[in-house]
Every structure is written in structure tokens, then in C-alpha cells.
Protein chains: 2
Amino acid sequence: MFKGLLSVFLALVAVTSIMAKSEKTAVKQEKRVPQTLSRGWGDQLIWAQTYEEALFWARSRNKPLMVIFHLDDCPHSQALKKAFAKDKEIQRLADEHFILLNLVYETTDKHLFPDGQYVPRILFVDPSMTVRADISGPYSNRKYAYEPSDMKLLRNNMERAKTFLKTEL
Amino acid sequence: MFKGLLSVFLALVAVTSIMAKSEKTAVKQEKRVPQTLSRGWGDQLIWAQTYEEALFWARSRNKPLMVIFHLDDCPHSQALKKAFAKDKEIQRLADEHFILLNLVYETTDKHLFPDGQYVPRILFVDPSMTVRADISGPYSNRKYAYEPSDMKLLRNNMERAKTFLKTEL
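Criteria and cut-off values
- Residues numbered from 1 in each chain as written.
- Chains lettered and ligands numbered in written order.
- Predicted model: local features only at pLDDT ≥ 70, side-chain atom pairs only at ≥ 80, totals over all residues.
- Heavy atoms only, no water.
- Pairing = 2+ DSSP bridges.
- Helix = DSSP H or I, 4+ residues; strand = E, 2+ residues; numbered from the N terminus.
- Axes fitted to C-alpha atoms, helices over the stretch in contact; angles between N-to-C directions.
- Contact = heavy atoms within 4.5 Å.
- Phe/Tyr/Trp six-rings, centres within 6.5 Å; stacked < 30°, edge-to-face > 60°.
- Buried < 20%, exposed > 50% of the residue type's maximum accessible area, 1.4 Å probe, protein only.
- Core = buried A, V, L, I, M, F, W, Y, C linked by side-chain atoms within 4.5 Å.
- Parallel < 35°, antiparallel > 145°, perpendicular 65-115°, else oblique.
- Left-handed = near helix turned anticlockwise from the far one by under 90°.
- Nonpolar A, V, L, I, M, F, W, Y, C, P; charged D, E, K, R; others polar.

**Details of the sheet that holds strand S2 (residues 99–103) of chain A**
In sheet architecture, strand pairing relies on hydrogen bonds along the backbone and comes in two forms, parallel and antiparallel.
Residue and element names in this part refer to chain A.
Right, so step 1: The strand order S2-S1-S3 describes an open sheet built from three strands, whose pairing is mixed. Only two strands of the sheet have a single neighbouring strand rather than two, namely S2 and strand S3 (121–125). Here the average twist between neighbouring strands, direction ignored, is 15°.
Right, so step 2: Here strand S1 (residues 65–69) pairs with S3 via five bridges, running antiparallel. Bridge pairing in S3 places Met66 opposite Phe124.
Right, so step 3: On top of the sheet, helix H2 (residues 51–61) reaches S1, S2 and S3; it is set at about 165° to S2, its chief contact.

Here's what the structure looks like:
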């Protein structure tokens, strides 16, 4: 019995050391983690890469577009991202009803910054190609900013964006 | 001794079945693979997301920009991507000397399609923000197209792009 246990132990040690070895090798190679288009806002969602691409999909699939401006080194962006990614209802709405784009760099379209180029900010664009400046967050000085505590308002705004400005294009 | 061997065997079976189980679970969830910015053109390279972002990095880091237009459902794009990704010298040059952007959707900058919006095509942009229409591939009807057999010319063109139009900006 003792022999048996020892063998199990040795086998486990062997397996563990092999695993540890492969991990070390991985670290040694210093491979970069491939960048994702989601950038952490929902790995399971389909993201457009550019604004032009997103507009094309919004129009051709007749879905509203949601544009999220953020920065990797902005703690407010990071906090919002965390809340956004873990909110199952937001993720479901986004997946089923929206064309999605998250950007760490501004576009040249001034309609996407009605009150400035701050981050984080979320803009909705109607499939008729109209930026929905009427759909805003709770802050008067930065109308398109949201905080993690504003997820309910964001969900409501997503529902509003689903009601198009023009039903026929 | 027999008992010992049996125990090792059982331990390995246990470990294997745990691994198989976790694999099954992963398949069962049918998770989408997160989209990468590299889209297979070099997972270890740093890719800009948009043309605006790429231009900004080219200017601020004083590096030439390489823009690859391609499509997922285009066999010529796929073949070129494969050759591009496995060419170690191209990957090294790209990593060390270029700002990189691959796009599946056209931009609004007409300088990026000097002779049409076909795929695949590769354009170089000088850090002075000038599209290098003079750096072209071997085909007269589609000047910025490359085939997998043209990797040597592409390497040479990358070397040419490293010589800036203006040494001072």
C-alpha cells in the first residue's frame, strides 16, 4: 500500500514538474499575448475594427452602432470596462442588437465628440448614420461618460438606441 | 512492484481523464475565439487598430507605416498572409522598423488606393504622412499586390520604405 501511494505521489510529481517546465519555457520565450479587438470589453462579442467598417455593418445589417472610446491607462475606462464586461444583460443586448466598436484613438468624425474627446465615453449611431447625441449618460459636464454604477442607465440607453430614428432607410 | 506500476497507471489515467473532461467542457460552451488585431499576419507583432492611430504612431515614433488590405474570404489574401506570417525576416523587419496595420475594410483616404481597392495590397506610408506610391509589387495591373512567391521583393520594398523621403520632419 505504501509503495502504491509513493508511486502515485511520484507520478504526480513527474506530471507537475513537466507542467512547470512547459510554463517556464513559455515564460522564457517571452511571447506577447495577441492583441484582441475586444480589448476586454467582451471577448465573446463580435467587434468591428474601424469606424468605417462599423458604419458599413450598421447600415447593411440595420442595427444601431455603439462606439466606446477608452484608454488602457485610464482607471475610469478600466472600471467601466470591468462593469460592462460582467453585466450579462448588457453583453446579451450588445451581442444581439448592436454593431460594436471600441476605440483607443479618436476618429476624424466630429459628430463622435459632441462635447469633447474625453474617455470613457459611449456614443450611439443610428443605422441611418445619425449620431444619437440625444442618448447620454447622467453627467452634465461629460454627457457621454458612464461610471460602473450607471449600468442600469446604460442598459436603458441601449434599449432606447434600439428604437430607430427612421424606421425606413 | 506490480502494485506500484498499477498505481502510476491509475494516477496517469486520473490526470488524463481530468484533462479530457476540461477539454470537453470547453467545447460544450461553444465559446467564440476572441478576434485578434493581427488576424493571423503575425500574432507576435504590435498592430495598430485604425488608420488614424497608425498615422499617429508613424509620426510620433518616426517609423514608416505598412498597411495591408486583405479579406478573410479571399484565397489570395490567405495565401499571402501565410507566406508573410512564416517569413522570419519579414516578421523581424516589421517588428523592429514598422508601424503595422491590417485592414479588412477600406479607409476614406484615396491615397491608399492609387490604382483601385483590390485585395491583397500593401501600401507604405512615410513618417512625413506621404503614401509611398513609388514602392510597388511586380504586377503592372495591380501595382500593390503581392503573391507568396514575391516575399523577396516585399523584403526589399520594406528596406526601401525604411529610407525616409524626408530625413527631418
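Moving on from the model shown.
**Some points on the packing of aromatic side chains**
Right, so step 1: Within this structure, the stated rule accounts for eight aromatic pairs over all chains.
Right, so step 2: Both rings, one in Phe56 of chain A and one in Trp57 of chain A, keep their centres 5.2 Å apart while their planes meet at 70°; by these two values the pair is edge-to-face.
Right, so step 3: Look at Phe98 of chain B and Phe124 of chain B: their rings are 5.9 Å apart centre to centre, the planes differ by 55°, and that puts the pair in the tilted class. Here Phe98 of chain B is found in the loop between helix H4 (88–97) and strand S2 (99–103), whereas its partner Phe124 of chain B is found in strand S3 (residues 121–125), with 26 residues between them in sequence.
Right, so step 4: Here Phe124 of chain B falls in the buried class, since its relative accessible area comes to 0%.

**Structural notes on the nonpolar core**
Right, so step 1: Counting residues in each nonpolar core, the largest one holds 44 residues, and the members touching the most others are Phe124 and Leu154 of chain A together with Phe124 and Leu154 of chain B.
Right, so step 2: The contact partners of Leu154 of chain A, leaving out residues within four places of it in the chain, are Met66, Phe84, Ile90, Ile122, Phe124 and Tyr146 of chain A.

**Structural notes on the packing of helix H4 (residues 88–97) of chain A against helix H5 (residues 151–162) of chain A**
Residues and elements named next belong to chain A.
Right, so step 1: Following both chains from N to C, one finds H4 and H5 inclined at 20°, their axes separated by 10 Å at the closest point. In terms of orientation, H4 lies roughly parallel with respect to H5. The hand of the H4/H5 crossing is left-handed. Residues Glu89, Ile90, Leu93, Ala94 and His97 of H4 pack against Met151, Leu154, Arg155, Met158, Glu159 and Lys162 of H5.
Right, so step 2: When grouped by side-chain class, the residues that make up the contact of H4 with H5 number six nonpolar, one polar and four charged.

These results come straight from atomic positions and should not be treated as a statement about function.
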